[in-house]
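Results of the structural survey
Now for the letters of each chain:
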Amino acid sequence: MKTYKKQFEIRWSDVDANGHLANSAYTNFMSHARMSFFSDQGFSMPEIMKHNVGPVVFYEHMYYFKESFLGTPITVTIEVSGLSEDGMLFMFEHNFYNHKGENLAYCEMQGGWIDLKARKLTGLPKPLLDLAHTFPKSDSFKVLTKEDTRKHGVRPKPMAL
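This section reports on the structure supplied with the text. In this text, all values refer to a predicted model and were calculated from it rather than measured experimentally.

Its location among the elements puts Glu47 in helix H2 (residues 45–50). For the pair formed by Glu47 and Ala132, sequence separation is 85 residues and the distance between their alpha carbons is 13 Å. Those residues in contact with Glu47 that lie beyond four places of it in its chain are Gly42 and Leu128. A polar contact of 3.2 Å, which involves the side chain of Glu47, links it to the side chain of His51.

Looking now at the nonpolar core. The biggest cluster of nonpolar side chains holds 33 residues, and the ones touching the most others in it are Phe43 and Phe96. Elements supplying a minimum of two residues to this core: strand E1 (4–9), helix H1 (23–40), strand E3 (73–84), strand E4 (89–98), strand E5 (103–115) and helix H3 (126–132). Take this core: its biggest share by element is seven residues, from H1. Within the second largest apolar cluster, five residues are counted, among which are Met88, Leu89, Met91 and Leu144.

Let's shift gears to the environment of Thr145. With respect to the helices and strands, Thr145 occurs in the segment after strand E7 (137–144). Distance in space between the C-alpha atoms of Thr145 and Leu129 is 16 Å, their sequence separation being 16 residues. A distance of 3.0 Å separates the side chain of Thr145 from the side chain of Glu147, its partner in a polar contact.

A separate point is unusual backbone geometry. Here the phi dihedral of Asn52 falls at roughly 60°; this positive angle occurs in a residue that is not glycine. You can see Asn52 is positioned in the loop between H2 and strand E2 (53–64). Residue classification places Asn52 among the partly exposed positions, given a relative accessible area of 22%. Phi at Arg119 takes a positive value of approximately 60°, unusual for a residue other than glycine. Summarising the element assignment, Arg119 is placed in the loop between E5 and strand E6 (120–121).

In this section: the side chain of Asn98. Relative to the assigned elements, Asn98 resides in strand E4. A relative accessible area of 12% places Asn98 in the buried class. A distance of 2.6 Å separates a polar atom in the side chain of Asn98 from a polar atom in the side chain of Glu102. Ignoring anything within four residues of it in the chain, the contact list for Asn98 reads Lys66, Pro73 and Leu104.

Conventions we followed
- Residues numbered from 1 in each chain as written.
- Predicted model: local features only at pLDDT ≥ 70, side-chain atom pairs only at ≥ 80, totals over all residues.
- Heavy atoms only, no water.
- Helix = DSSP H or I, 4+ residues; strand = E, 2+ residues; numbered from the N terminus.
- Contact = heavy atoms within 4.5 Å.
- Polar contact = N/O pair within 3.5 Å; in protein donor to acceptor, adjacent residues only side chain to side chain.
- Core = buried A, V, L, I, M, F, W, Y, C linked by side-chain atoms within 4.5 Å.
- Buried < 20%, exposed > 50% of the residue type's maximum accessible area, 1.4 Å probe, protein only.

See the structure below:
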């Protein structure tokens, strides 16, 4: 299995003032799909909490192609396109499809794992790392390094006071 799929129905709370799927709903559907994926891979919330780690998102780059509306089913797919050797960093590709199989949107997201006490990025503990190395991988899969987290060149800037 290279592609993980999760189906949703667009609810009233998922649409915006234009009557189509709101960009915030895309983010929520992706997050839900990722947590379902992690759980299905042995990374359930109770399991990761035992190891005192949690996932964080670094960025999500969305590309919208076609509208989707209230009451229609959509399918969100996940392909793992990157993982660092220590498991600290991961990258997913998401696609959104309507019931006709038309591609509604695409998103590349990158994230990592933090130690929930130290509040710092951390590699995965061995039991989780062993599971992560069994993730189904996309055709574009690459081993991630810290440099990949800065590939867009965006840096924090303090506010001028």
